[in-house]
Amino acid sequence: MTSAAWPAGYQIVVDSVLDDRWADWFAGLHIENDGDQTTLSGTLQDPSALHGVLDQIHHLGLSIITVSRQPRHDARGETR
């Protein structure tokens with residue numbers, strides 16, 4: 001079994017509207033909303049950080065729509 005490389009980029013979409021004031025609460029992730037949903041995106045250092053963000057979402061009672069790991073790129077911008 002091969003473990004995923006960390007740090008890793010993630011995008012998490014929740015069924016609620018949050019503004020930028022929540023960024024510190026969500027490990028400094030970028031927060032963007034479209035009026036109905038909010039996308040949290042950015043780099044997480046390890047699996048514990050990912051679980052911490054998911055726990056914060058759970059504690060707020062938010063519904064998760066998607067969680068996706070973003071492809072890694074090398075120095076030339078090519079997907080690894």
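In case you missed it, the structure is sitting above this.
Throughout what follows, the structure given in this document is the object of discussion.

The rules behind each value
Residues numbered from 1 in each chain as written. Predicted model: local features only at pLDDT ≥ 70, side-chain atom pairs only at ≥ 80, totals over all residues. Heavy atoms only, no water. Helix = DSSP H or I, 4+ residues; strand = E, 2+ residues; numbered from the N terminus. Contact = heavy atoms within 4.5 Å. Buried < 20%, exposed > 50% of the residue type's maximum accessible area, 1.4 Å probe, protein only. Pairing = 2+ DSSP bridges. Phe/Tyr/Trp six-rings, centres within 6.5 Å; stacked < 30°, edge-to-face > 60°. Lys NZ or Arg CZ within 6 Å of the ring centre and 35° of its normal.

## Overview of the overall build of the protein chain
Phase 1: Helices and strands together make up the secondary structure of the protein chain, namely 1 helix and 4 strands.
Phase 2: Listing each helix as α and each strand as β along the protein chain from the N terminus yields β-β-β-α-β.
Phase 3: The long-range fraction of contacts in the protein chain, counting pairs at least 24 apart against all pairs at least 6 apart in sequence, stands at 60%.

## A word on the environment of Trp25
Phase 1: Looking at where Trp25 falls in the secondary structure, it is placed in the loop between β1 (8-14) and β2 (30-33).
Phase 2: In this structure, the C-alpha to C-alpha distance between Trp25 and Gly52, residues 27 residues apart in sequence, is 9.9 Å.
Phase 3: Each residue touching Trp25, except ones within four places of it in the same chain, is listed here: Gln56 and Leu60.

## Re the pairing of β1
Phase 1: With 6 of 7 residues buried, β1 is to be regarded as a mostly interior element.
Phase 2: Sheet topology places β1 next to strand β4 (residues 64-69); 5 bridges connect them, and they run antiparallel. Counted as the bridge partner of Val13 is Thr66 from β4.

## Overview of the environment of Ile64
Phase 1: By secondary structure assignment, the location of Ile64 is in strand β4.
Phase 2: As for Ile64 and Val14, which are separated by 50 residues in sequence, their C-alpha atoms are 4.5 Å apart.
Phase 3: In contact with Ile64, not counting residues within four places along its chain, are Val13, Val14, Leu54 and Ile57.

## Regarding the packing of aromatic side chains
Phase 1: Under the counting rule described, the total for this entry stands at 3 aromatic pairs.
Phase 2: On the numbers, 5.8 Å between centres and 15° between planes, the contact of Trp6 with Tyr10 is stacked.
Phase 3: Look at Tyr10 and you get buried, because its relative accessible area is 9%.
Phase 4: Positioned above the aromatic ring of Trp6 is the side chain of Arg69, whose terminal nitrogen or guanidinium carbon lies 4.8 Å from the ring centre.

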